[in-house]
Amino acid sequence: MSEFFKKPLLDAQSLHKQFTVGKKPGLFAKAPKDWFRADRPVAKLHAVDDVTFTIGKGEVLGLVGESGCGKSTLVRLLTRLLDLTDGSIRLDGEEIGHLPAKGFGKSPYRPRIQMVFQDAGDSLNPRFTAFAAIADPIQRLKPLPRADLKLRVEALATMCGLPLELLGRFPHQLSGGQKARVGIARAIAVEPDLLILDEPTAALDVSVQVVILQLLEDLKKRLGMSYLFVSHDLNVVRLLCDRVMVMYLGRIVETGPAEEVFRNPAHPYTKALLSAIPHFDQVKGSGAPPVPRLRISGEPRSPIDPSPKVCRFYGRCPKGQDACTESMPLLHGVGLEHSAGHSVACHFPVSDTDRKTAAVSLIEDVA
Ligand SMILES: Nc1ncnc2c1ncn2[C@@H]1O[C@H](COP(=O)(O)OP(=O)(O)O)[C@@H](O)[C@H]1O
Ligand SMILES: [Mg+2]
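Sequence order as written defines the numbering, with residues in each chain counted from 1. Chains and ligands are labelled by the order in which they are written, letters from A for the one and numbers from 1 for the other. In view of the model being predicted, local features appear only for residues whose pLDDT reaches at least 70, and side-chain atom pairs are presented and counted only at 80 or more, with totals across whole chains, interfaces and linings using the full set of residues. Excluding hydrogens and water, the side-chain figures rest on all heavy atoms present in the structure.

S.K.: Looking at this structure, I do not really get the nonpolar core. What am I missing?
M.R.: Nonpolar side chains in soluble globular proteins tend to end up buried together. In this structure, L219 and F229 are the most contacted members of the largest nonpolar core, which totals 58 residues. The leading source of residues in this core is helix α5 (residues 176–188), at 6 residues. Domain extents, as shown, originate in an automatic or database domain assignment. Two domains each donate at least three residues to this core, and these are domain 1 (60–241) and domain 2 (256–367). The contact rule is simple, with two residues in contact once any of their heavy atoms fall within 4.5 Å. Setting aside its immediate chain neighbours within four residues, F229 contacts V60, L61, G62, L63, L197, P200, L213, L216, V236, V237, L240 and C241. To form a nonpolar core, buried Ala, Val, Leu, Ile, Met, Phe, Trp, Tyr and Cys residues must be joined to one another through side-chain atoms within 4.5 Å. The buried label applies to any residue whose accessible area, calculated with a 1.4 Å probe on protein chains only, is under 20% of its type's maximum; exposed applies above 50%, and partly exposed to all values in between. If you look at the next biggest cluster of nonpolar residues, it comprises 31 residues, including L15, L61, L228 and M247. Under the DSSP-based scheme used, a helix requires at least four consecutive residues in state H or I and a strand at least two consecutive residues in state E, with every element numbered from the N terminus.

S.K.: Explain the packing of α5 against helix α6 (residues 206–223) to me, please; I cannot follow it from the model alone.
M.R.: In helix packing, the relevant descriptors are the interaxial angle and the interaxial distance, both defined with respect to the helix axes. Relative to each other, α5 and α6 sit at 20°, their axes nearing to 10 Å. Judged on the interaxial angle alone, α6 and α5 are roughly parallel. For the pair α5 and α6, the sense of crossing is right-handed. Within the contact between the two elements, α5 uses G177, A180, R181, I184 and I188 and α6 uses V208, V211, I212, L215, L216, L219 and L223. In this classification, Asp, Glu, Lys and Arg are treated as charged, Ala, Val, Leu, Ile, Met, Phe, Trp, Tyr, Cys and Pro as nonpolar, and every other residue, Gly included, as polar. In terms of residue class, the contact of α5 with α6 is built from 10 nonpolar, 1 polar and 1 charged. What counts as an axis is a line fitted to C-alpha atoms, over the stretch in contact for a helix, and the angles between N-to-C directions run from 0 to 180 degrees. Each angle gets one of four labels, with under 35 degrees taken as roughly parallel, over 145 as roughly antiparallel, 65 to 115 as roughly perpendicular, and the rest as oblique. Here is the rule for handedness: rotate from the far helix to the near one, and if that takes an anticlockwise turn smaller than a right angle the crossing is left-handed, while a clockwise turn gives right-handed.

S.K.: What is the right way to read the site of ligand 1 from this model?
M.R.: The rule for a residue being near a molecule or strand is that one of its heavy atoms must lie within 4 Å of it. By nearness alone, every residue bordering ligand 1 is listed as F19, L45, A47, E66, S67, G68, C69, G70, K71, S72 and T73. K71 is positioned such that a nitrogen or oxygen atom in its backbone is 3.0 Å from an oxygen atom of ligand 1. For ligand 1, the protein covers 65% of the area, taking 560 Å² as the surface of the free molecule. Looking at the shell around ligand 1 element by element, the count peaks at 3 residues for helix α1 (residues 71–78). In the shell around ligand 1, the residues fall into 4 nonpolar, 5 polar and 2 charged. In the analysis that follows, any N or O atom pair within 3.5 Å is treated as a polar contact, provided that within protein one partner can donate a hydrogen and the other can accept it, and provided that, for residues neighboring in sequence, both atoms belong to side chains. For every accessible area listed, the method is Shrake-Rupley and the probe measures 1.4 Å; residues are considered covered only by the protein chains on display.

Next up, the structure:
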């Protein structure tokens, strides 16, 4: 890891987000007498549970995990759209975790963290032209005189590969790829230090995805931003990320340099995720030994009031044993050379020898 990444831009410590769940009285139904009692027992859904990580300056951190594991909730905590239940978020050393989400729009930190949403179509205001959409964050956060604003929006559009003739169009008059470019131009308009991308290419065709990923890679080099790149597509994460975090039911189960995690996955869940990547050699039938597909069976555990002692993957994990129900596995270093910063939260991680032999060729074809 280079010196450049060592000073964290973002330092998130022990983040927790719990949602209160339970049957609420319907809009017109009479609430039971005890509904508003402060001591009424309510269930808590642990969407983000004790998550700690840093993002270095200029670093791209990938966050992967299946649907419902808490990726978007974590993103919403970091962008301060949601209040934390507990924990701390420092941006360049300044605590921003305690700032209420409600007033964060007006905070001086707002321009420094920007976001690109999953579905550019849904996140753009249908009544705003592409020009207005890109100009909007500038006018709100870093206002410019009219003539300068026009020049700035045009420069951003050009940087994002959006033809200037399209600036007068409304979202419904743009293609998916063009809308994604507007979403990105809008997010980088105020020159953020950290760009958070929540599955930014999930709604796009594969060919358009590639172009947008190239654009993001190019922008990162040009503007030196840090990215938190959220995706369930491991190939995409591998192409773009320096480091990766694997999330399962609200917890980080494995983290490390992307190349290292992809080559030597230590958590049974990561290993199963990686084995599900379509393998080019297998498709082509080139005679290369097939990579066995590890299927995860069983139902995920409930995130509602989970036991603090039972590993979240227990019940689906092929390595699960009694110890996995007796104490929650915490992240600890994986003892391989060349694996600095590689940690796993598992009592029975995939052994070094297993990893060296079984995970070898999962990646070669992606490059
Ligand atoms: N506002 C909310 N109220 C209650 N539960 C929520 C809320 N937002 C998300 N959740 C729950 O939190 C968990 C994580 O959701 P989410 O962060 O959207 O996952 P992901 O982005 O990984 O698909 C899910 O179980 C989801 O149902
Ligand atoms: Mg999501």
